[in-house]
Amino acid sequence: MRDLKSLFGGGGSLKQFGILGALVAIIIIFQLWTGGKTLQPGNIINIVQQYSYILILAIGMVMVIIAGHIDLSVGSVAAFTGIIVALAMKDWNFPWWAAIILGLVVGGLIGAWQGFWVAYIGVPAFIVTLAGMLIWRGGNQFIGDSATVPVGAGFQVIGKGYLPELGPNLGVNNLTMLLGIVVVLILIGLEVRGRRTRAVMGATSAPAWTSVARVVVLGGVVLVAAYLFATGRVGTSFPVSGIILAVLVVAYSFLTNRTTIGRHIYAVGGNKHAAELSGVNSKRVNFFVMMNMSVLAALAGMIFVARSQASGPFDGTGWELDAIAAVFIGGAAVSGGIGTVAGSIIGGLVMAVLSNGLALKGISSDLVQIIKGLVLLIAVGVDVFNKSQGRPSIIGLMTRNQGGRGGQKLAEEPTSTQVSPGGGTPDTVVPADLKN
């Protein structure tokens, strides 16, 4: 059993893969229910294109929620940015690449504004972003005169473009297959590096067969996915929006797991008072997560506008709810301090495949909303119920070994005692690694 756990998670609990298992189960159910339509190349390409902007929002939202906040303004920020960018290209003669830079700058300024109120004035993020939802939605309709503004073909590439066709005609998109092979080689390199690092440090490694099996399983999944993306209708392949999403997932996974700012986000969300006593600047952390969220919302808005070929007054409606749902289904704790980028992406894919599968079966949009709401309620409700009954938290078990440093993780780490100057009873217990 120990070797089996090593196969799936480096010795961690098998339950940490509960969300991923749910995603696989949903895919299998809909694949059978829809007569094989779910995993058709054209459909999975559409899933990535249609939901990439929600998954991008989930990346930023998980950091906001880990820090103990919420952002209700992301849909309105996306819509406001979209109309600014569309008008910049239509009326101000901006080239498409300059319009993208302008959009990111606008998102950063909005995030700085909201972050200032949250971090330095002390207004709760719920109130600040609720106000932002109204302000930026009204700004979109005021600036755009509640009209639809088209965007140029060059700009549309980030939303509806694909990897180009290059090389000999082998019946597949060569760049997509090459991308899959590169990912497999990276997986092999990471596995070899991990075993060498454990050997140098004198740590016990799992048997070699577990590493081989893990690479074979993961590599097989990657190659099959690459083949499906590469064999869609002529002219399609892996979407450009999917490339942008993949880069963001890698970058933000590294940021949250391997950097000081990532460690501080978990610390502030897990125990703000202890984090501040350890030297963490909580105001800077709160400012960063709010500003970062708006930048990603701006990017998501531009990708949606590019795919829609125009910016409209109702863009972004309800996006914040989908992003928040993805984060909580992906294992984030309502109280903050726990969550991962990977978990949020999987949670978003659960919602995406669920919505797509129900649409393929002709289920009406109102019933789809009801089902999505029930999925969110059950996912969080079961976890809260388990905690109240003294049983292990499903979310806690799933995220314990995924890089979270708040909540339960803080309780597992070595601590040091901070004693009052006059001696006597210790004032606070502080995680030792936060002192660095």
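The name given to the protein chain in an unreviewed UniProt entry is Xylose transport system permease protein XylH, with Cryobacterium lactosi as the source organism. What UniProt states about the protein chain under its Subcellular location (unreviewed entry) heading is, verbatim, "Cell membrane".

Visitor: How would you explain the packing of aromatic side chains if you had to name every residue and give the values?
Guide: On inspection of all chains with the given rule, the structure shows eleven aromatic pairs. Between Trp92 and Phe94, the ring centres sit 6.4 Å apart and the planes meet at 65 degrees, which makes this aromatic pair edge-to-face. Overall, the relative accessible area of 44% leaves Trp92 in the partly exposed class. Among the aromatic residues, those joined into a cluster by ring pairs are Trp113, Phe116, Trp117, Tyr120 and Phe287.

Visitor: Tell me about empty space enclosed by the protein, and name the residues and values.
Guide: Here the structure, examined in full by the defined rule, presents two cavities of 30 Å³ or more. In this structure, the largest cavity occupies an estimated 70 Å³ of space. Lining the largest cavity, in full, are Tyr51, Ile54, Asp322, Gly348, Met351, Ala352, Ser355 and Lys372. Breaking the lining of the largest cavity down by element, the ones donating at least two residues are helix 3 (41-66) and helix 15 (341-360). Ranked by residues supplied to the lining of the largest cavity, first place goes to helix 15 with four residues. Each residue belonging to the lining of the largest cavity can be placed in one class, and the counts come to four nonpolar, two polar and two charged.

Visitor: How would you explain unusual backbone geometry if you had to name every residue and give the values?
Guide: Of note, the phi angle at Asn93 is positive, near 60 degrees, even though the residue is not glycine. Its place among the elements puts Asn93 in the loop between helix 4 (74-90) and helix 5 (96-121). Of note, Asp145 is a non-glycine position whose phi angle comes to about 55 degrees, a positive value. Secondary-structure assignment places Asp145 in the loop between helix 6 (125-143) and strand 1 (149-150).

Criteria and thresholds
- Residues numbered from 1 in each chain as written.
- Predicted model: local features only at pLDDT ≥ 70, side-chain atom pairs only at ≥ 80, totals over all residues.
- Heavy atoms only, no water.
- UniProt positions renumbered as here; feature names shortened; annotations may be inferred.
- Phe/Tyr/Trp six-rings, centres within 6.5 Å; stacked < 30°, edge-to-face > 60°.
- Buried < 20%, exposed > 50% of the residue type's maximum accessible area, 1.4 Å probe, protein only.
- 1 Å grid on protein atoms, 1.4 Å probe; cavity = no way out; pocket = protein on both sides within 12 Å on 5 of 7 lines; lining within 4 Å.
- Points joined across faces, edges and corners; volume = space filled by probe spheres on them.
- Helix = DSSP H or I, 4+ residues; strand = E, 2+ residues; numbered from the N terminus.
- Nonpolar A, V, L, I, M, F, W, Y, C, P; charged D, E, K, R; others polar.

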